[in-house]
Amino acid sequence: MGELLRAFLPPYRKKTLTGMACKAVEVVFDLITPMIVARMIDSGVANRDLGVVFRLGALLVVLALIGYLFTFVCQRLAATVSQGMGTDIRDALYHHIGELGAADIDRFGTPSLVTRVTNDVNQIQVAIAMGIRMLIRWPFIALGSIVAALLIDARLGLVFLVCTPAIAAVFWVVMGRSIPLFRAIQVKLDTVSRITRETLEGVRVVRAFGREGEEERRFALAARDQTDTAIAVGRLSAVLNPVTFLIMNLGVVAILWTGAYRVDAGSLTQGEVMAFVNYMTQVLVSIGYVANLVVVFTRGSASATRVMEVLKEEPSIADGSLNVSQADINERAVPALSFEDVSFSYGGEGERALSHVSFELPAGSTLGVIGGTGSGKSTLASLAVRLYDPVEGKIAAWGEPLPTYELKSLRSLVSIVPQRASLLSGTVRSNLSWRKPQATDDELWEALSCAQAKDVVSSKEGGLDAPVEAGGTNFSGGQRQRLTIARALVGDPRVVVLDDSASALDYATDARLRKALKDLPNHPAAIIVSQRVAAVMSADQILVLDHGRVAGLGTHDDLLRSCDIYREICLSQLKPEEVGA
Ligand SMILES: Nc1ncnc2c1ncn2[C@@H]1O[C@H](COP(=O)(O)OP(=O)(O)OP(=O)(O)O)[C@@H](O)[C@H]1O
Ligand SMILES: [Mg+2]
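Model, not experiment: these values are computed from the prediction. (Residues numbered from 1 in each chain as written. Chains lettered and ligands numbered in written order. Predicted model: local features only at pLDDT ≥ 70, side-chain atom pairs only at ≥ 80, totals over all residues. Heavy atoms only, no water.)

Student: Break down a nonpolar patch on the surface for me, citing the residues and quoting the values.
Tutor: Among the surface-exposed residues, Val 28, Ile 32 and Met 35 lie close enough to one another that they form a single nonpolar patch of about 230 Å² accessible area. A relative accessible area of 34% means that Ile 32 is categorised as partly exposed. (Patch = residues over 30% accessible without salt bridge, like charges linked within 9 Å, V, L, I, M, F, W, Y side chains within 5 Å. Areas by Shrake-Rupley, 256 points an atom, 1.4 Å probe, with all protein chains shown as cover. Salt bridge = Lys/Arg side-chain N within 4 Å of Asp/Glu carboxyl O. Buried < 20%, exposed > 50% of the residue type's maximum accessible area, 1.4 Å probe, protein only.)

Student: Mind laying out unusual backbone geometry, listing which residues take part and the relevant values?
Tutor: Residue Arg 386 is not a glycine yet carries a positive backbone phi of 60 degrees. Relative to the elements of secondary structure, Arg 386 occurs in the loop between α12 (377-384) and β4 (392-397). Residue class for Arg 386 comes out buried when judged on its relative accessible area of 2%. Although it is not a glycine, Trp 398 adopts a positive phi angle of roughly 45 degrees. Assignment of secondary structure puts Trp 398 in the loop between β4 and β5 (400-401). Residue classification places Trp 398 among the buried residues on the basis of a relative accessible area of 3%. (Helix = DSSP H or I, 4+ residues; strand = E, 2+ residues; numbered from the N terminus.)

Student: So what's going on with helix α15 (residues 441-450)? Residues and values would help.
Tutor: Taken together, the buried positions of α15 are Leu 444, Ala 447, Leu 448 and Cys 450. Within α15, the buried residues cover an arc of 165 degrees as seen down the axis, which keeps them to one side. (Arc of directions from axis to C-beta.)

Student: Help me get a handle on the coordination of the magnesium ion (ligand 2), residues and values and all.
Tutor: Surrounding the magnesium ion (ligand 2) are the protein donor atoms Ser 378 (OG) and Gln 419 (OE1), at 1.9 to 2.2 Å. Taken together, the residues Ser 378 in helix α12 and Gln 419 in the loop between β6 (414-417) and β7 (426-427) connect sequence positions 41 residues apart. According to the relative accessible area criterion, Ser 378 is partly exposed, its value standing at 25%. For Gln 419, a relative accessible area of 41% puts it in the partly exposed group. (Donors = N, O, S within 2.8 Å, 3.2 Å for Na, K, Ca; no water.)

Student: Which residues make up the nonpolar core, and what values do they have?
Tutor: Membership of the largest hydrophobic core comes to 69 residues, with the highest contact counts inside it found for Leu 4, Ile 89, Leu 93, Phe 160, Ile 255 and Val 307. Of all elements in the fold, only α1 (2-8), α2 (13-45), α3 (50-99), α5 (110-134), α6 (137-152), α7 (154-201), α9 (212-265) and α10 (270-312) reach the threshold of two or more residues within this core. Ranked by the residues each element gives to this core, the list is headed by α10, at 18 residues. Residues Val 324, Phe 359, Leu 402 and Leu 410 belong to the second largest nonpolar core, which totals 34 residues. (Core = buried A, V, L, I, M, F, W, Y, C linked by side-chain atoms within 4.5 Å.)

Student: Describe the side chain of Lys 377, with residues and values.
Tutor: Within the element layout of this structure, Lys 377 appears in helix α12. The side chain of Lys 377 sits in the buried core without any salt bridge; Asp 500 is the nearest counter-charge, 6.1 Å away. Reaching out from Lys 377, the side chain makes a polar contact with the backbone oxygen of Gly 372 at a distance of 2.9 Å. Ignoring sequence-local partners within four residues, the contact set of Lys 377 consists of Val 369, Ile 370, Gly 371, Gly 372, Val 529, Ser 530, Gln 531 and Leu 545. (Lys, Arg positive; Asp, Glu negative; His and termini not counted. Polar contact = N/O pair within 3.5 Å; in protein donor to acceptor, adjacent residues only side chain to side chain. Contact = heavy atoms within 4.5 Å.)

Student: Now, about the sheet that holds β4: what can you tell me, with residues and values included?
Tutor: Judged by pairing direction, the sheet is antiparallel, and its 4 strands sit side by side in the order β2-β1-β4-β5 without closing on themselves. In the strand order of this sheet, the two ends are held by β2 (354-361) and β5, each with one partner. Against the sheet, α12 makes contact with β1 (337-344), β2 and β4, and its axis sits at roughly 125 degrees relative to β1, the strand it touches most. (Pairing = 2+ DSSP bridges. Axes fitted to C-alpha atoms, helices over the stretch in contact; angles between N-to-C directions.)

Student: Summarise the sheet that holds strand β3 (residues 366-371); cite the residues concerned and give the values.
Tutor: The mixed open sheet is built from 6 strands, whose spatial order is β6-β9-β10-β3-β11-β12. Among the strands making up the open sheet, the edge pair consists of β6 and β12 (549-554). Strand-to-strand twist in this sheet, taken as the mean axis angle between neighbours without regard to direction, amounts to 15 degrees. One ladder, built from 5 bridges, connects strand β9 (residues 495-499) with strand β10 (residues 525-530); its direction is parallel. Following the sheet pairing, Val 497 is matched in β10 by Ile 527. Sitting on the sheet, helix α17 (residues 477-489) touches β6 and β9, and the angle it makes with β6 is about 175 degrees. The strands touched by helix α21 (residues 564-573) within the sheet are β3, β11 (541-546) and β12, with β11 carrying the most contacts at an inclination of about 100 degrees.

Student: Give a detailed account of the domain arrangement of the protein chain, specifying residues and quantitative values.
Tutor: Along its sequence, the protein chain is carved into domain 1 (2-312) and domain 2 (326-579). A separation of 56 Å is found between the C-alpha centroids of domain 1 and domain 2. (Domains from an automatic or database assignment.)

Student: I'd like a rundown of the pairing of β11, residues and numbers included.
Tutor: Buried residues dominate β11, accounting for 5 of its 6 residues. The sheet contact formed by β3 and β11 spans 5 bridges and is parallel. Residue Val 369 lies in a different strand from β11, and its bridge partner there is Leu 543. For β11 and β12, the ladder comprises 5 bridges, and the chain directions are antiparallel. Its bridge partner being in β12, Leu 545 is matched across the sheet by Val 550. Here β11 folds back onto β12 in antiparallel fashion, the turn holding 2 residues, of which His 547 has a positive phi close to 50 degrees.

Student: An account of the site of ligand 1 is needed here, citing residue identities and associated values.
Tutor: In the region of ligand 1, 13 residues are neighbours, and Gly 374, Lys 377, Ser 378, Thr 379 and Gln 419 sit closest. One of the side-chain nitrogen or oxygen atoms of Gln 419 is found 2.7 Å away from an oxygen atom of ligand 1. Contact with the protein chains covers 61% of the free accessible surface of ligand 1, which is 630 Å². Per-element accounting of the shell around ligand 1 gives the leading share, 3 residues, to α12. When the residues that make up the shell around ligand 1 are grouped by side-chain class, the tally is 2 nonpolar, 9 polar and 2 charged. (Near = heavy atom within 4 Å. Nonpolar A, V, L, I, M, F, W, Y, C, P; charged D, E, K, R; others polar.)

Student: Tell me what's going on with the packing of aromatic side chains, and back it up with residues and numbers.
Tutor: All told, the structure shown has 6 aromatic pairs when counted by the stated rule. Ring centres of Trp 138 and Tyr 289 lie 4.3 Å apart, and the angle between their planes is 5 degrees; this geometry places the pair in the stacked category. One end of the pair, Trp 138, is in helix α6; the other, Tyr 289, is in helix α10, and 151 residues separate them in sequence. Judged by centre distance (5.3 Å) and plane angle (90 degrees), the rings of Tyr 346 and Tyr 388 are edge-to-face. Of this pair, Tyr 346 sits in the loop between β1 and β2 while Tyr 388 sits in the loop between α12 and β4, placing them 42 residues apart in sequence. For Tyr 388, a relative accessible area of 11% corresponds to the buried category. Put simply, the rings of Phe 344, Tyr 346 and Tyr 388 touch in pairs and so form one group of aromatic residues. (Phe/Tyr/Trp six-rings, centres within 6.5 Å; stacked < 30°, edge-to-face > 60°.)

Structure follows, in structure tokens:
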């Protein structure tokens, strides 16, 4: 929590201090009120002097009004500071997550990042607001009440010195047991929301497979678990009120009892006894609030730790400084992309998703990548656009290692069509112009036409301004794929990586897409990943992947002769006369 406050509190320091100062004024007023009431009883009521009663009554009203004004200012400042800081923390988190590499995000997991940006920041906001409003108030009221009581009469004050620690001890024991449970509730809540999210996202599949029953049971189990913990906390807290009230009322009995004798003996006034009882109540109430504060701060600081974990994560993909323009690139005679003995595994160690992969992709040429499921094709594609860095080996673009490039520059030169087509809510235009925000309509249509997506867009009402719903759900799978291909082509990339991007296209459309790519004036080099031989057989080179290793690299004819795996794949998908050779 401290670290987070050091980072985000400074802009709000003045407001926070003012808010706390306002609260301090309120505390002083609260502390003198019982004294005034005592005076009212002793000089007013006892002497039947209505004038004194009214005068002191009016004073109480004035104090209450002024106190109200200060409270109002404090609440307002607390709200401004907590909301403002919450927004700042969210912005910082969002910005930082954007800078993290794919490997870092894998490590946290998307659902956890979502919870951190939303729920955890909320907890922090609550803690900050409570801190401003309560941190000054209740501890000081408790202390002040005790001191005031002791000043009135030290002997009667002994009752305080016995009751207060007793009540505090009860809170200590109960809180000590509940706080770990509160933490557990948070974690269990995470599980409940994860299951909810999973099931809702996959609701169609769940229905199609008739798994509603299982999913309900899974949810019920998690919800039950969370409920049980919450009930356990409830049971503990249920002890709190009766016990503390018992102690307090015993204290009041003691005060009235001994107070009565002292009043009789003339060493104490009735008003002072009343003041004692009032201070006693204030102490009790404040201990309750302090306990509440402890809970809120515990939750807040757990959340702050989770937020700081993300903010302190160094992006694993460090930005370089090399800024190369498309024009420079066109001049170079080196391969557009080269892999040199590249190995990679997710999470750094463990099983290799790719091992010892080498190839060169000359400018303007095409490389087909084929291999079974899980053979490392998508991994190769992600490495080529530097979503991850290889564990071993070197990847270079136009002769320069990828890490030397400024990411922005690299991404404008090398574009990817990911295996899972993803569109964001907005319009067709807003989705297509990611790579080049100022792209003209002509450029967008050109990309659409190359991606065989012209009809998709022109048949939608609004054309380029047709709405796209979150996740692109108002487009079919194939239409989404074509739109993401068009998006990758906007802004004239020099290398395009198509990761199984034509899987939802029919053979004829797929063939037209490849031809259109080749026919582009100044066409980019392309890596075409596919499980279909037909999609890669006409490529300049074909890389055959098998369990992350290169099983063959060459042209279709070469591979038919030299690579058993390739020949097998061909014969399983094509008629012998289509295979050729
Ligand atoms: N984010 C990830 N975290 C951990 N392991 C992963 C991750 N992505 C892929 N893998 C593993 O890496 C290996 C290669 O996966 P990859 O996605 O590259 O296969 P692929 O050839 O693209 O398969 P497909 O044809 O099904 O798309 C697989 O064993 C997979 O389990
Ligand atoms: Mg894949």
